[in-house]
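Descriptive structure summary
Residue strings, one per chain:
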Amino acid sequence: MTATTTDRRPPFAQVLRERSRHVHQRAEGAGFMKALMNGEIDRSGYALMVTQHLFIYDALEAVGRELRNNQIAGAFIADELLRGPHLRADLDELLEPGWPERVTPLPATTRYVARLRDMATWPPGFVAHHYTRYLGDLSGGLAIGQVVARVYGLSGPGVSFYRFERIPRPKVFKDGYRERLDTLFLDTDEQERMIQEVLTAYQLNTDVFVELGQAVGLPGQP
């Protein structure tokens, strides 16, 4: 495949951001997240969200281990991003001992996990999901973590998912990540396919939030 950075089109990372802006805002504006940020979700509802995140990140990070040496995906995989251990530590704080045997994924989470596992055979698709999750975590996720810590009275375990101690300068990290996106050797069709997968990733995330809202009894949920 030929590089697309030699023409006059906008950088690929910019295109990704602009094309996904509307679905990103929809995910951020999900009823569950609004209620969470307003302190309207009790601790068990917050723990349910953390549980769904664990299933999602376990799948994403398992595929990452499979693709670590892949020419495309490997450039984006970084141990300092890994969230699985942090989510487990958070759930140790939020739930009673023995929780791993009791937690189950919501149907939307199961669909999300299945899609992530499919990405093991398509590295650009994996990058689409990797980008959607981790750059979000390093952007709005940091602010969400501060609010959640205040709402639930948590200072360490319980909100460690939102803290990236090994990335002291998130903006620098994100800038480097976007530079790697801009230099991906993907033809136009593959770029478009990857953009569509980013949109799919945001929709899958939104679907999880909708089902979380239903699970905790938020009014107005479909």
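Residues numbered from 1 in each chain as written. Predicted model: local features only at pLDDT ≥ 70, side-chain atom pairs only at ≥ 80, totals over all residues. Heavy atoms only, no water.

The next point concerns the packing of helix α6 (residues 123–137) against helix α8 (residues 170–182). The N-to-C vectors of α6 and α8 enclose an angle of 160 degrees; their axes lie 12 Å apart at closest approach. Compared by their axis directions, α6 and α8 come out roughly antiparallel. Between α6 and α8 lies a crossing of left-handed hand. Of α8, the residues touching α6 (which contributes V127, H130, Y131 and L135) are K174, Y177, R178 and L181. (Axes fitted to C-alpha atoms, helices over the stretch in contact; angles between N-to-C directions. Helix = DSSP H or I, 4+ residues; strand = E, 2+ residues; numbered from the N terminus. Parallel < 35°, antiparallel > 145°, perpendicular 65-115°, else oblique. Left-handed = near helix turned anticlockwise from the far one by under 90°. Contact = heavy atoms within 4.5 Å.)

A separate point is the pattern of salt bridges. Enumeration over the complete set of coordinates arrives at eight salt bridges. A salt bridge links R68 to D79, with the shortest nitrogen-to-oxygen separation between them at 2.7 Å. Placement of the pair is R68 in the loop between α3 (43–67) and α4 (84–94) and D79 in the loop between α3 and α4, with a sequence separation of 11 residues. Exposure remark for R68: the relative accessible area of 38% places this residue in the partly exposed category. In this structure, R193 and E190 form a salt bridge, with 3.9 Å as the shortest nitrogen-oxygen distance. On the criterion of helical spacing, the pair formed by R193 and E190 is a turn pair, its members being three residues apart in helix α9 (residues 188–215). Each of K171, D175 and R178 takes part in salt bridges that share partners, so that together they form one network. (Salt bridge = Lys/Arg side-chain N within 4 Å of Asp/Glu carboxyl O. Buried < 20%, exposed > 50% of the residue type's maximum accessible area, 1.4 Å probe, protein only.)

In terms of nonpolar packing, the biggest core is built from 70 residues, with Y46, M49, F126, L181 and M194 touching the most fellow members. Among the elements that make up this core, the one with the highest residue count is α3 (11 residues). In this structure L181 touches F12, A13, L16, F76, V127, Y131 and M194, once residues within four positions along its chain are discounted. (Core = buried A, V, L, I, M, F, W, Y, C linked by side-chain atoms within 4.5 Å.)

Its 15 residues give α6 an end-to-end C-alpha distance of 21 Å, which sits within 8% of 21 Å, the value for a rise of 1.5 Å per residue. Within α6, 14 of the 15 residues are buried, which leaves the element mostly enclosed by the surrounding structure. (Expected span 1.5 Å × (residues − 1).)

Under the criterion given, the structure shown has seven aromatic pairs. Where Y57 meets F161, the ring centres are 5.4 Å apart and the plane angle is 75 degrees; that geometry is what we call edge-to-face. In this pair, Y57 is assigned in helix α3 and F161 in the loop between α7 (140–152) and α8, connecting sequence segments 104 residues apart. Of the residues examined, Y57 reaches a relative accessible area of 0% and is grouped as buried. (Phe/Tyr/Trp six-rings, centres within 6.5 Å; stacked < 30°, edge-to-face > 60°.)

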